[in-house]
Amino acid sequence: MTRASLLAVSPALAGSAWDDIRPSAFGTRTIEDGAAIVAFQAPYRAEDQRAVPLTAEAAFKDGRKIKSITFIVDENPMPVAAAFRFADKRDRAALSIDIRLDHASPVRVVVEASDDALYMIEKFVKASGAGVCAAPPVGDPVLAAATMGQMKLTDFTGSDSAAGATRFHRSAQLDIRHPQLTGMQKNQITLLYTPLRFVSTVEVRQGDETIFELESSMTLSENPRIAFDYQINGAALIKVTAKDTSNTVWTKEFPAGSNS
């Protein structure tokens, strides 16, 4: 499975979304029940369809490693919200993102193991409305353009964590300023559609090691939030490189284990 194939998914058709998504993203590969592999949290009903939190924690206890974790929202125009790949092939990983929910939809997490086995878990998230992907961005568009690409990394490792976990295992959150334009939003003055523009890739490295590579879509919420865990490797810096569909690239370095 390539990352390109994961995101090259046509808009879902009503009533047959997963039937269309599955072969585009995973071909004919078998997908097994992931209940014993993945702990997945999603709200029963979205409080704010512009930013619906999804959290997945995956682990293998049989020696296999995690190659990728993919978040899918069946009824969104771009169903594959985010595909994370782990170069170090970890045996466990925790991730959290915010997604747009255009309509009530099944939401899925698919975990790929180092032996290429696939495991899936899903939840149905209810919505109070529809058409969020066509809603104009929140806030001042001039300010959004001026701050686009600004990044913040927050360390969330609790001071009350076990000593070993605090020393070697960290939890962090990356926030990226970006309006995540869907191509379906109208300029309220010109009434013309605003061109599609969203964060397409993110790479997070700790020194010379890759923590994760992400391919994403406009299904990620405005100002994407990406929470993740990683193992301390002694490097002084964490380097984040983000690119959007206009081929604009932003890079920033953060001191490892600090809030910046």
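Scroll up to find the structure.
Treat the numbers as computed from the prediction; the structure is a model and nothing was measured. (Residues numbered from 1 in each chain as written. Predicted model: local features only at pLDDT ≥ 70, side-chain atom pairs only at ≥ 80, totals over all residues. Heavy atoms only, no water.)

Q: Explain the sheet that holds strand 9 (residues 151-155) here, please?
A: In any sheet, the strands associate via hydrogen bonds between backbone groups, in a parallel or an antiparallel arrangement. The antiparallel open sheet is built from six strands, whose spatial order is 2-3-6-13-10-9. Among the strands making up the open sheet, the edge pair consists of strand 2 (38-41) and strand 9. Taking each pair of neighbouring strands and ignoring which way they run, the sheet shows an average axis angle of 15°. (Pairing = 2+ DSSP bridges. Helix = DSSP H or I, 4+ residues; strand = E, 2+ residues; numbered from the N terminus. Axes fitted to C-alpha atoms, helices over the stretch in contact; angles between N-to-C directions.)

Q: Looking at this structure, I do not really get the pairing of strand 4 (residues 66-73). What am I missing?
A: The side chains of a regular strand alternate between both faces of the sheet. With eight of eight residues buried, strand 4 is to be regarded as a mostly interior element. Bridge count between strand 4 and strand 5 (residues 80-85): five bridges; the pairing is antiparallel. Bridge pairing in strand 5 places Ser-68 opposite Arg-85. Between strand 4 and strand 5, which pair antiparallel in sequence order, lie six residues. (Buried < 20%, exposed > 50% of the residue type's maximum accessible area, 1.4 Å probe, protein only.)

Q: Help me understand the nonpolar core, please; the structure alone is not making it clear to me.
A: Where a protein is soluble and globular, its nonpolar side chains tend to be buried together. With 52 residues, the main nonpolar core has Ile-69, Phe-71, Phe-84, Leu-174, Val-202, Phe-212 and Phe-228 as its most contacted residues. In contact with Leu-174, not counting residues within four places along its chain, are Met-151, Lys-152, Leu-153, Val-202, Val-204, Pro-224, Arg-225, Ile-226, Phe-228 and Val-240. One finds Ala-17, Trp-18, Val-80 and Met-120 within the second-largest nonpolar core, a separate group that totals eleven residues. (Core = buried A, V, L, I, M, F, W, Y, C linked by side-chain atoms within 4.5 Å. Contact = heavy atoms within 4.5 Å.)

Q: Looking at this structure, I do not really get the packing of aromatic side chains. What am I missing?
A: The geometry of an aromatic ring pair comes down to the distance between the two centres and the angle between the two planes. As enumerated under the stated definition, the model contains five aromatic pairs in all. Ring geometry for Phe-71 versus Phe-84: centroids 6.1 Å apart, planes at 75°, classification edge-to-face. With a gap of 13 residues between them, Phe-71 in strand 4 and Phe-84 in strand 5 connect regions that are remote in the sequence. Phe-71 gets classed as buried once you look at its relative accessible area, which sits at 0%. Taking 5.1 Å as the distance between ring centres and 75° as the angle between the ring planes, the aromatic pair formed by Phe-212 and Phe-228 counts as edge-to-face. You can see Phe-212 sitting in strand 12 (residues 209-216) and its partner Phe-228 sitting in strand 13 (residues 225-231), a full 16 residues away along the chain. Relative accessible area serves as the criterion here: at 4%, Phe-228 is assigned to the buried category. A connected cluster of aromatic rings, assembled from ring pairs, spans Phe-71, Phe-84, Phe-212, Phe-228 and Tyr-230. Taking NZ or CZ as reference, Arg-108 lies 4.2 Å from the ring centre of Trp-18, over its face. (Phe/Tyr/Trp six-rings, centres within 6.5 Å; stacked < 30°, edge-to-face > 60°. Lys NZ or Arg CZ within 6 Å of the ring centre and 35° of its normal.)

Q: Please explain the side chain of Ser-217 as it appears in this structure.
A: Relative to the helices and strands, Ser-217 is located in the loop between strand 12 and strand 13. Residue contacts for Ser-217: discarding those within four places in its chain leaves Met-78, Val-80, Ala-81, Gln-180, Phe-198 and Val-199.

Q: Is there a simple way to explain the sheet that holds strand 15 (residues 249-255) in this structure?
A: In space, the nine strands of this open sheet follow the order 1-8-7-4-5-12-11-14-15, with mixed pairing throughout. The open sheet has two edge strands, strand 1 (31-33) and strand 15, and neither has a second partner. Here the strands of the sheet are splayed against their neighbours by 20° on average, with no regard to which way each runs. Bridge analysis of strand 11 (residues 199-206) against strand 14 (residues 237-244) gives seven bridges, and the strand direction is antiparallel. In the sheet register, Thr-201 faces strand 14, and the bridge partner there is Lys-243.

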